[in-house]
Amino acid sequence: MLFNSYAFLLGFYPAVFGVFFLLARRSESLAAGWLAAASLFFYGYWSAAALPLLIGSVCVNYFAGLRASPGGAAADRARRRLLIAAVTLNLVVLGYFKYANFFIDNVNLALRAASSDELAALNVVLPIGISFFTFTQIAYLVDCYEGKVRERNFVHYLLFVSYFPHLISGPVLHHSQMMPQFRRRETYRLQPNNVLAGLLFVAIGLAKKALLADEFAQYATPIFNATRDGHEVGLLVAWTGALAYTLQLYFDFSGYTDMALGLSRMLGIHLPVNFNSPYKATSIIEFWRRWHITLSQFLRDYLYFRLGGNRRGVVRRYVNLMTTMVLGGLWHGAGWTFVAWGALHGAYLLMNHAWRRVMPTVRPLVQPLSAVGTFLGAALTFIAVTVAWVFFRSSTYDGAARMLRGMVRFGEPGCSLHCYPGVFGSLTVPPTSQTYTMTFFALGLTLVWCFPTSQSLTQHLTGVRSAAAWFFAGVLLMCIALLAVVNASHHSSEFIYFNF
């Protein structure tokens with residue numbers, strides 16, 4: 001059930017919303033239980049076969065968290081063993097479902113080279129959202145062991161893990177951000193400002209997905225498919241594909257984040273901000289503070305810091321950074337292209353931190369050119385991120401290499417996308433003029449670089465008390481939603497992060 005589908009927007013969500021606040025008048029516990037049950041139904045709608053895995057994971061981790069917490073009957077050493085066992089179990093389950101096929105494929109590749117018998121394929125089906133609910137619960141277990149968890153209500157824990165606006169594609173939630181909200185009375189009171197803000201978030205997010213991300217996908221998909229299938233592409237086509245995917249992913253993930261924030265806000269629950277105009281970043285360090293913010297925080301707090309962070313010297317710090325980014329890349333997908341993407345961002349971060357070490361020495365020399373330096377930093381960061389997305393999007397190294405070769409293939413005559421007949425097979429780029437294509441890309445880049453975030457826009461509109469502002473917000477909401485819903489009916493598609 002896609003957020004951008006009629007079944008969700010006109011069926012599932014209105015029913016969840018209405019029953020939640022009706023039950024909240026009688027019992028807050030009943031309302032929380034209803035929301036948890038609706039979340040399990042939402043997950044089961046995607047995959048009934050995977051629902052027992054989610055429920056089993058919640059039960060095992062909840063009781064493991066109770067036993068691992070200080071103050072119980074278990075001694076410190078026993079608690080530590082329990083923590084290690086529970087975290088290991090989570091990682092083994094995640095590893096089996098997400099990486100078993102990848103492991104066997106690589107073993108068979110090696111066996112094929114050695115002319116040996118191959119392992120039988122397992123054909124494991126990846127349960128949707130397993131990366132998110134696994135990471136969420138690992139953080140919970142660690143915090144239980146360290147005595148940071150105060151909430152013990154099982155229904156609240158079940159809701160915290162399975163809460164449907166975040167379950168499939170994040171954000172990666174922390175118990176301290178969510179479980180206290182389920183205890184507050186105001187969460188269960190219908191508030192007009194929350195409904196208005198939520199509707200604005202949903203409308204803006206739906207528009208980003210349907211009107212922008214899905215349209216940019218029509219340029220990116222055929223070009224990346226062409227390089228995957230062995231076709232060489234020229235400079236214009238390669239950069240068109242790379243930029244199209246860069247903008248597709250931005251509006252797709254931003255759109256999902258906005259819709260998740262809005263759907264949750266209408267229910268009186270505030271999700272953490274997970275996206276903050278990352279393409280405005282002037283460095284890779286800043287980019288990772290703006291892109292998938294909750295995942296970056298999880299990797300920093302539960303991996304980078306646990307490896308030692310920057311407390312053991314410069315070399316060890318760089319090793320920890322690279323390890324964190326490679327594992328972060330592998331978290332996104334079981335493929336060597338994701339490893340390459342993570343390693344490339346690791347290398348970017350190493351260079352960024354190295355530059356910051358020498359910056360105090362050169363700052364007096366470049367101070368008069370600070371505005372130019374800011375512009376160059378933003379441009380270089382955007383180009384570096386775009387190049388890295390080529391690995392993220394490509395399904396094979398060869399396909400990524402063809403794209404990158406095309407992006408530096410200078411000296412070719414100028415040509416529109418349609419100068420490559422037959423290259424794209426059954427998938428063709430949109431039959432539009434070159435002027436339309438350039439205008440559409442310029443619009444996308446303008447929205448990325450010049451417009452305020454959805455959070456600031458929504459906060460501004462809902463913070464004004466005048467009737468005119470409410471009227472304007474309502475008209476804007478209806479126009480955006482109508483355009484997006486009509487467009488979504490033609491080619492609604494999954495959000496990209498559903499695959500992770």
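Right, let's walk through the structure included here. Here the residue numbers are simple positions, counted from 1 along each chain's written sequence. In keeping with the predicted nature of the model, local features appear solely for residues at pLDDT of at least 70, side-chain atom pairs appear and are counted solely at 80 or more, and the whole-chain, interface and lining totals rest on all residues. Only hydrogens and water are set aside; all other atoms, that is, all heavy atoms of the structure, feed into the side-chain values.

1. Examining the packing of helix α3 (residues 51-68) against helix α6 (residues 154-162)
- Note on method: axes are straight lines fitted to C-alpha atoms, helices fitted across the in-contact stretch only, with angles between N-to-C directions ranging 0 to 180 degrees. Numbering of helices and strands runs from the N terminus, with a helix taken as a DSSP run of H or I at least four residues long and a strand as a DSSP run of E at least two residues long. Where α3 contacts α6, the two axes come as close as 10 Å, and the packing angle between them is 130 degrees. In terms of orientation, α3 lies oblique with respect to α6. The handedness of the crossing between α3 and α6 comes out as right-handed. Here α3 contributes Leu54, Val58, Cys59, Asn61 and Tyr62 to the contact with α6, which in turn contributes Phe154, Tyr157, Leu158, Val161 and Ser162.
- Think of it as three bins: nonpolar holds Ala, Val, Leu, Ile, Met, Phe, Trp, Tyr, Cys and Pro, charged holds Asp, Glu, Lys and Arg, and polar takes everything else, Gly as well. Taken together, the residues that form the contact of α3 with α6 break down as eight nonpolar, two polar and no charged. Should an angle fall under 35 degrees it is called roughly parallel, over 145 degrees roughly antiparallel, and 65 to 115 degrees roughly perpendicular, with every other angle called oblique. Each crossing is labelled by how the near helix is turned from the far one, with a counterclockwise turn of less than a right angle marking it left-handed and a clockwise turn marking it right-handed. Residue contacts follow a heavy-atom distance rule, with two residues in contact if any of their heavy atoms lie within 4.5 Å.

2. Overview of the side chain of Glu151
- One can find Glu151 in the loop between α5 (130-145) and α6.
- Taking relative accessible area as the criterion, Glu151 reaches 10% and is therefore assigned buried.
- Side-chain polar atoms of Glu151 contact the backbone nitrogen of Asn153, separated by 3.1 Å.
- Each residue touching Glu151, except ones within four places of it in the same chain, is listed here: Tyr140, His156, Met179 and Arg183. Remark: exposure states derive from per-residue accessible area (1.4 Å probe, protein chains only) relative to the maximum for the residue type, with buried under 20%, exposed over 50%, and partly exposed in between. Think of a polar contact as two N or O atoms within 3.5 Å of one another; within protein, one of them needs to be a possible hydrogen donor and the other a possible acceptor, and neighboring residues in sequence only count if both atoms come from side chains.

3. Quick notes on the environment of Leu35
- Secondary-structure assignment places Leu35 in helix α2 (residues 28-46).
- When residues no more than four places from it in sequence are discounted, the contact partners of Leu35 are Val16, Phe20, Leu159, Tyr163, Phe164, Leu267 and Ile269.

4. Comments concerning the side chain of Thr294
- For Thr294, the location among the structural elements is in helix α12 (residues 293-304).
- A relative accessible area of 3% places Thr294 in the buried class.
- Separated by 2.9 Å, the side chain of Thr294 and the backbone nitrogen of Val172 make a polar contact.
- Thr294 has contacts with Pro171, Val172, Pro272, Val273 and Asn274, leaving out every residue within four places of it along the chain.

5. A word on helix α1 (residues 6-26)
- Between its first and last C-alpha atoms α1 spans 30 Å; for 21 residues at 1.5 Å apiece the expected length is 30 Å, and the two agree.
- Among the structural elements, α2, α7 (164-167), α9 (192-228) and α10 (235-266) are those in contact with the buried residues of α1. A helix's residues, less one, multiplied by 1.5 Å, set its expected span.

6. Observations concerning the pattern of salt bridges
- Criterion for a salt bridge: a side-chain nitrogen of Lys or Arg within 4 Å of a carboxyl oxygen of Asp or Glu. For the coordinates displayed, the defined rule picks out 14 salt bridges.
- Linking Arg189 and Glu28 is a salt bridge whose minimum nitrogen-to-oxygen distance equals 3.5 Å. In this pair, Arg189 sits in the loop between α8 (175-178) and α9 while Glu28 sits in helix α2, placing the two residues 161 residues apart along the sequence.
- Looking at Glu28, the relative accessible area reads 23%, which means it is partly exposed.
- One salt bridge connects Asp301 with Arg300, and the closest N-O pair in it is separated by 2.8 Å.
- Residue Arg300 is classed as partly exposed on the basis of its relative accessible area of 37%.
- Taken together, the shared-partner salt bridges connect Glu232, Arg402, Arg405 and Arg409 into one network.

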